[in-house]
Amino acid sequence: MYAFTGCSALTQADFPVCTSISSAGFYECKNLISVSFPSCTFIGHYAFKSCYSLAQANFPACTTIEGSQAFGYCSSLSQANFPVCTTIPEQTFYHCDGLAQVSFPACTIIGSNAFLYCSKLAYANFPLCTTISYAAFRSCFLLSQASFPVCTSVGPNAFQQCYALTQISLPV
């Protein structure tokens, strides 16, 4: 826990064989721009919270994100790619104002407030998602298209204040 918390001079982190990032591992590394964890399978809560300069999150082997706000307040984060992760916990990308593109092709559950205040997110495509929890996409002001072809449960306020939403695909 807290391995690199507050290391404000840290700009890059490359860990080719690291399989786990503990809770608050890089919390408040305000100048961290780039991370590479190709073998990481587990990300703890608050792992990258308040890493304001982090531009991309690419975790090709990550199967588990635990707890809340793993990337909360990463305001420069523009892309998130998690090809094998099946669950996005509550508030994972809370207040990621710059997040425009996400890829979670294996995701089946989107937790409450997972993308709350991701104001630049314009498109959401989750081909295997069955559950969208409470306020999952609330205040994603630019979200215009959303596709959830196998979704069977949509929680209250899931798309509240998605003012640009013009097209949504649900099997219901």
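Refer to the structure presented above.
Given the structure is predicted, the values throughout are model-derived calculations rather than measurements.

Engineer: Account for the overall build of the protein, with residues named and values stated.
Structural biologist: Scanning the protein from terminus to terminus reveals zero helices and 15 strands. Whereas a compact globule of 172 residues would reach a radius of gyration of roughly 16 Å, the protein reaches 15 Å, a difference of no more than 12%. Counting only C-alpha atoms, the protein reaches 45 × 25 × 20 Å along its principal axes. When each of the 172 residues of the protein is scored for burial, the buried share is 43%. Excluding contacts between residues fewer than 6 apart, the proportion of contacts in the protein whose partners are at least 24 apart in sequence is 11%. When the accessible area of the protein is evaluated, it comes to approximately 7300 Å², of which 54% is carbon and sulfur surface. Each charge class in the protein was averaged separately, 4 positive and 5 negative side chains, and the resulting centres sit 11 Å apart.

Engineer: Requested: an account of unusual backbone geometry, with residues and values cited.
Structural biologist: Positive phi, close to 60°, is recorded for Y46, a residue that is not glycine. Note that Y46 resides in the loop between β4 (42-43) and β5 (56-58). Here the phi dihedral of Q161 falls at roughly 65°; this positive angle occurs in a residue that is not glycine. For Q161, the position within the fold is in the loop between β14 (153-154) and β15 (167-169).

Engineer: How would you summarise the sheet that holds strand β9 (residues 101-103) if you had to cite specific residues and measurements?
Structural biologist: Within a beta sheet, neighbouring strands are joined by backbone hydrogen bonds and run either parallel or antiparallel to one another. Read from one edge to the other, the open sheet built from three strands follows the order β5-β7-β9, with strand pairing classed as parallel. Each having just a single partner strand, β5 and β9 make up the two edges of the open sheet. Here the strands of the sheet are splayed against their neighbours by 5° on average, with no regard to which way each runs. Bridge count for strand β7 (residues 79-81) against β9 is three bridges, and the pairing is parallel. Paired with A80 across the bridge in β9 is V102.

Engineer: Residues and numbers for the packing of aromatic side chains, please.
Structural biologist: Two measures describe an aromatic ring pair: the distance that separates the ring centres and the angle between the ring planes. A complete count under the given rule lists 30 aromatic pairs for this structure. Here the aromatic rings of F15 and F26 are separated by 6.3 Å at their centres, their planes lie at 70°, and the arrangement is edge-to-face. Residue F15 is found in the loop between β1 (12-14) and β2 (20-21), and its partner F26 is found in the loop between β2 and β3 (34-36); the two are separated by eleven residues along the sequence.

Engineer: A description of the side chain of N113 should follow, citing residues and the corresponding values.
Structural biologist: Tracing the backbone shows N113 in the loop between β10 (109-110) and β11 (123-125). Contacts of N113, omitting those with residues within four sequence positions, involve Q91, Y134, A135 and A136.

Engineer: Pulling in residues and values, what's your account of the environment of Q160?
Structural biologist: In this structure, Q160 sits in the loop between β14 and β15. The sequence separation of Q160 and F141 amounts to 19 residues, and the corresponding C-alpha distance is 9.3 Å. When sequence neighbours within four positions are dropped, the list of residues in contact with Q160 reads F137, R138 and S139. Within the local environment of Q160, its side chain forms a polar contact with the side chain of R138, the two groups lying 3.5 Å apart.

What counts and how
Residue numbering note: each chain is counted from 1, following its sequence as written. Local features in a predicted model are, by the rule used here, given only for residues with pLDDT of at least 70; side-chain atom pairs are given and counted only at 80 or more, and totals for whole chains, interfaces and linings are based on all residues. Note: side-chain values were computed over all heavy atoms of the structure, leaving out hydrogens and water. By definition, any uninterrupted DSSP run of H or I lasting at least four residues is a helix, any uninterrupted run of E lasting at least two residues is a strand, and each is numbered from the N terminus. For this measure, only C-alpha atoms enter the radius of gyration; the expected value for a globule follows 2.2 Å times N^0.38, where N is the number of residues. The cut-offs for exposure are 20% and 50% of the maximum accessible area for each residue type, with area from a 1.4 Å probe on protein chains only; residues under the lower value are buried, those over the upper are exposed, and the others partly exposed. Throughout, a contact is declared for two residues whenever any of their heavy atoms are within 4.5 Å. Each accessible area is a Shrake-Rupley estimate made with a 1.4 Å probe; only the visible protein chains count as cover when residues are assessed. In this charge count, Lys and Arg are treated as positive and Asp and Glu as negative; neither His nor the chain ends contribute. A charge is said to be at NZ when it belongs to Lys, at CZ for Arg, at CG for Asp and at CD for Glu. Strand pairing is defined by DSSP finding a minimum of two bridges between the two strands. A fitted line through C-alpha atoms represents every axis, and for helices the fit uses only the stretch in contact; the resulting angles, taken between N-to-C directions, go from 0 to 180 degrees. Paired rings are identified among Phe, Tyr and Trp, the last through its six-membered ring, by centres lying within 6.5 Å, and are further divided according to the angle between planes into stacked (under 30 degrees), edge-to-face (over 60) and tilted (the rest). Identification of polar contacts relies on pairs of N or O atoms within 3.5 Å, with a donor-acceptor requirement for protein atoms, meaning one able to donate a hydrogen and the other able to accept it, and with residues adjacent in sequence counted only if both atoms are side-chain atoms.

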